[in-house]
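Secondary and tertiary structure notes
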Amino acid sequence: MRSHGAGTLRADHTDATVTLAGWVSRRRDHGGVAFLDLRDASGTCQVVADPSASAALAAAHEVRPEWVLQIHGTVRRRPEGMENPSLATGEVEVAASSVTVLSPAETPPFPLEGGVEADETLRVRHRYLDLRRETPAHGLRLRAQITSLIRRVMESHGFIDVETPMLTRSTPEGARDFLVPTRAGDGVAYALPQSPQLFKQLLMVAGVERYYQLARCFRDEDLRADRQPEFTQLDVEASFIDEEDLYALFEELFATLWREILDVELATPFPRLSYDEAMRRFGTDKPDTRFGLELVDLAAVFADTEVGVFRGALDAGGVVVAVTLPGGAALTRKQLDDWVDWAKGRRAKGLAWGAVEDGEDGPTLRSPLTKFMSAAEVDALLRATGAGVGDLIFFGAGPATFTRELMGALRVALAQDRGLIGPGSPAEGRWDFLWVTDWPLFEWNPDEARWDPLHHPFTAPREQDLPHLTDDPGAVAARGYDLVLNGTELGGGSIRIHHPGVQQQVFDVLGITPEEAQEKFGFLLRGLAHGAPPHGGIAFGLDRMVMLMAGVASIRDVIAFPKLARGYDPMTDAPARVDDAQLREVGLRRLPPQ
RNA sequence: GGACCUGUGGAGCAGCCUGGAGUGCUCACCUCCCUGUCAAGGAGGAGGUCGCGGGUUCAAAUCCCGUCAGGUCCGCCA
């Protein structure tokens, strides 16, 4: 069928007789001579048809883009000056002796060549065409390279790939489950796994010691640019290890990936930041450290303030936090109002600001709040923030976590707005990996008036905090860790609880009774009682990883067949209505229309 | 569930603010011409429910209300 890949031909193939097969990407027909760019999985090569093979020329006149052809011909060097340096095969061309149409094609519904972005729905509906384009095709190949390397590195450390069930029961990740009713009927259903969490822990009980899997996971939640209802994790669990073993292993894995795929040498070990420090300095548990604009706590500056919103926040146990934007004093009133609106869009009551200007006796603050601030406060503020003339200070005041997260989001939005990150920015080419460590085990849920696990209920508490499980759950630190890259959470995990007793203590804090625990996770608890090794693990979002390495903005670009809003797939038209007979078989009945 | 943005021949856009004939651009498509192009070029041509519904108006792509679809974000989700 084919002797060579179109993209593999080089000057050393000169005079070789070749048979190519592939798609027409472009046709340039001059009447007496016609050029076809023939594309296959290996790349593209120019085919020339001229009157010396009149049947081939006649066929070349007829073909259209995306037709599938087989070409017989001879490789020859292009005439002097006709080389195309932008094509890998640009030194040569194939002189066609015959052109055979294997398959004609309809005109594509959107252009496949050139960088024009077609409508998302159209691209996904005709995904088999979209994947012929360079960017998505590259995404798929890059993904395969990454998974191949992952397997190589994991296996070199003795990890074995074990499959876990797709049809299982609800796992405690907290997201909505996809349910799979079955003809067992009577209101029972499987759930698709949100992650293989419990299975991998049981594999540790089983003595596997080193498990990994490129595991498909399912969560029935709303989509985002970096979130799909089904996604793939590099899922890992190991016995007789601690945090340091994991850090070293994955620093090696990522250094290998970046070296072999991107030709980038990562600095290891990766920096570490405690959760607490991340929240204080960056207002997020996944800090982007490629730029400054760090948060500054102003509690000391405004300890005795008469600024109402600051006073109120501090008296209520909250915080006052600043972000300084260098050169921001030049922002117009309209731009400032836009930032205030941006904050209100995130449920903030407001966003105060102050511009540092040149006064008669040194820098002064131009701000709606100035008249409530003493000269000493302004002075202390400028020292605390390091703001100088021409800079702008944004203030957030309110409950600690909410305010820090707001200002952290502001910090990132400002960086995007000012071109500190993104294409063409100084941050381009930077890969800021960091571990976030020392997470709290629990987080207070004020709506439900209870403690929730910050990670999941199987995360081990730090040994020395065990006594606090009963007297001060909020003070218990978890043996958890997240890996963050350029402000994106790549993955997270923890050392797990391997004592049934500790596990029940944690359930007690979470308000899970022994009966409930038995019902939901009895199989895990029974496992832990049969000689569980100390173990821990981690899971990484493969799609996000590939997305960042490919330099694309959406994980849809690195998934072969992605879904759109509300999990809709316009290609297969899924999810689709199920007929009544099928429903009856699985013991379900349609609700009457509302 | 909410906010914002988008919806105009097959594709990408402009037109909308300030209402007046489906008006324009680039690409694709069809026919013809053309022997060195690589985003080939030239001549001609076809192709429209301006997302949908309602309202205002002498008149709506344009203004108003509703609705649907997509995107981004918030909520949600590690």
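Residues numbered from 1 in each chain as written. Chains lettered and ligands numbered in written order. Predicted model: local features only at pLDDT ≥ 70, side-chain atom pairs only at ≥ 80, totals over all residues. Heavy atoms only, no water.

Glancing now at the overall build of chain A. Summing up its helical and strand segments, chain A has 16 helices and 22 strands in all. Sequence-distant contacts in chain A: of pairs separated by 6 or more residues, those separated by 24 or more amount to 66%. Of the roughly 29,000 Å² of accessible surface on chain A, a fraction of 51% belongs to carbon and sulfur atoms. Each charge class in chain A was averaged separately, 62 positive and 87 negative side chains, and the resulting centres sit 5 Å apart. (Helix = DSSP H or I, 4+ residues; strand = E, 2+ residues; numbered from the N terminus. Contact = heavy atoms within 4.5 Å. Areas by Shrake-Rupley, 256 points an atom, 1.4 Å probe, with all protein chains shown as cover. Lys, Arg positive; Asp, Glu negative; His and termini not counted. Charge placed at Lys NZ, Arg CZ, Asp CG, Glu CD.)

When helix H7 (residues 275-282) is considered as a whole, its buried residues turn out to be Tyr275, Ala278, Met279 and Phe282. Burial along H7 is one-sided: seen end-on, the buried residues are contained in an arc of 105°. For H7, the elements touching its buried residues are strand E11 (272-274), helix H11 (400-417) and strand E17 (433-437). After H7 finishes, the residue Gly283 shows a positive phi value of roughly 65°. (Buried < 20%, exposed > 50% of the residue type's maximum accessible area, 1.4 Å probe, protein only. Arc of directions from axis to C-beta.)

So, about the sheet that holds strand E15 (residues 362-366). In space, the 5 strands of this open sheet follow the order E12-E13-E16-E14-E15, with antiparallel pairing throughout. A strand with exactly one partner marks an edge of an open sheet, and here the two such strands are strand E12 (296-297) and E15. The sheet contact formed by strand E13 (residues 319-325) and strand E16 (residues 392-398) spans 7 bridges and is antiparallel. The partner of Val319 across the bridge, within E16, is Gly398. Its contacts with the sheet put helix H8 (residues 308-315) on E13 and E16, and the angle it makes with E16 is roughly 45°. (Pairing = 2+ DSSP bridges. Axes fitted to C-alpha atoms, helices over the stretch in contact; angles between N-to-C directions.)

The next subject is the environment of Val378. Considering the arrangement of structural elements, one finds Val378 in helix H10 (residues 375-385). Residue Val378 is classed as buried on the basis of its relative accessible area of 11%. Apart from residues no more than four positions distant in its own chain, Val378 is found in contact with Leu365 and Met373.

Moving on to the sheet that holds strand E9 (residues 210-218). The strand order E6-E9-E10-E22-E21-E20-E17-E11 describes an open sheet built from 8 strands, whose pairing is mixed. Unpaired on one side and paired on the other, strand E6 (160-161) and E11 mark the two borders of the sheet. Bridge analysis of strand E20 (residues 480-485) against strand E21 (residues 488-495) gives 6 bridges, and the strand direction is antiparallel. Bridge pairing in E21 places Leu483 opposite Gly491. Here helix H5 (residues 197-205) sits on the sheet and contacts E9, strand E10 (230-239) and strand E22 (535-541); the angle it forms with E10, its principal contact strand, is near 25°.

Below, the discussion takes up the confidence of the model for chain A. Residues with a pLDDT of 70 or more make up 98% of chain A, whose mean pLDDT is 92. In the model output, the complex is listed with pTM 0.92 alongside ipTM 0.89. (pLDDT = per-residue confidence, 0-100.)

It is worth spelling out the pattern of salt bridges at this point. Applying the stated criterion to the full structure yields 41 salt bridges. The closest approach of N and O atoms between Arg123 and Asp557, which form a salt bridge, is 3.3 Å. Of this pair, Arg123 sits in helix H2 (residues 120-125) while Asp557 is found in the loop between helix H15 (542-550) and helix H16 (580-585), placing the two residues 434 residues apart along the sequence. On the basis of relative accessibility, which here comes to 16%, the residue Asp557 falls in the buried class. Arg366 is the salt-bridge partner of Glu357, the closest N and O atoms lying 2.5 Å from each other. A residue is classified by how much of its surface remains accessible, and Glu357, at 30% relative accessible area, is partly exposed. Look at the salt bridges and you will find they share partners, linking Glu120, Arg123, Arg127, Asp130, Arg133, Arg556 and Asp557 into a network. (Salt bridge = Lys/Arg side-chain N within 4 Å of Asp/Glu carboxyl O.)

On to a nonpolar patch on the surface. On the surface, Tyr128, Phe561 and Met571 cluster together into a nonpolar patch covering about 300 Å² of accessible area. Mapped onto the secondary structure, Met571 falls in the loop between H15 and H16. (Patch = residues over 30% accessible without salt bridge, like charges linked within 9 Å, V, L, I, M, F, W, Y side chains within 5 Å.)

Ile146, Phe250, Phe254 and Leu257 are the most contacted members of the largest nonpolar core, which totals 73 residues. Here this core gets 9 residues from one element, more than from any other, and that element is helix H6 (residues 243-262). Val321, Ala329, Leu331 and Ala355 belong to the second-largest nonpolar core, a separate cluster that totals 27 residues. (Core = buried A, V, L, I, M, F, W, Y, C linked by side-chain atoms within 4.5 Å.)

Before going further, it helps to examine the packing of H7 against H11. It is at 8 Å that the axes of H7 and H11 come closest, and there the two elements cross at 60°. Residues Met279, Arg280 and Phe282 of H7 pack against Thr401, Arg404, Glu405, Gly408 and Arg411 of H11. Counted by class, the contact of H7 with H11 contains 2 nonpolar, 2 polar and 4 charged residues. (Nonpolar A, V, L, I, M, F, W, Y, C, P; charged D, E, K, R; others polar.)

We now examine the packing of aromatic side chains. Applying the stated criterion to the full structure yields 20 aromatic pairs. Arranged with centres 5.7 Å apart and planes meeting at 85°, the rings of Tyr247 and Tyr481 form a pair that is edge-to-face. Of the two residues, Tyr247 sits in helix H6 while Tyr481 sits in strand E20, which places them 234 residues apart along the sequence. Overall, Tyr247 belongs to the buried group, its relative accessible area being 4%. Three or more aromatic residues link up through ring pairs in this structure, and these residues are Phe250, Phe254, Trp258, Phe270, Trp431, Phe433 and Phe540. Residue placement shows Arg411 over the ring face of Phe291; its charged tip is 4.0 Å from the ring centre. (Phe/Tyr/Trp six-rings, centres within 6.5 Å; stacked < 30°, edge-to-face > 60°. Lys NZ or Arg CZ within 6 Å of the ring centre and 35° of its normal.)

Moving on: the pairing of strand E1 (residues 17-29). Of the pairings in the sheet, the one linking E1 to strand E4 (residues 68-77) comprises 7 bridges and is antiparallel in character. In the strand pairing of E4, Thr19 is matched with His72. Here 6 bridges tie E1 to strand E2 (residues 34-40), and the two strands are oriented antiparallel to one another. Note on E2: the bridge partner recorded for Trp23 is Arg39. What sits between E1 and E2 in their antiparallel hairpin is a turn of 4 residues, with Gly31 showing a positive phi close to 85°.

This brings us to the pairing of E10. Buried residues dominate E10, accounting for 9 of its 10 residues. Across 9 bridges, E9 lies against E10 in antiparallel orientation. Looking at the pairing, Leu214 lines up with Leu234 of E10. Pairing of E10 with E22, which is carried by 7 bridges, proceeds in the antiparallel orientation. Bridging from a neighbouring strand, Val236 pairs with Ile538 of E22.

Before going further, it helps to examine the side chain of Thr168. Its place among the elements puts Thr168 in the loop between E6 and strand E7 (179-181). Once residues within four sequence positions are removed from consideration, Thr168 is found in contact with Tyr190, Ala191, Leu192, Pro193 and Phe199.

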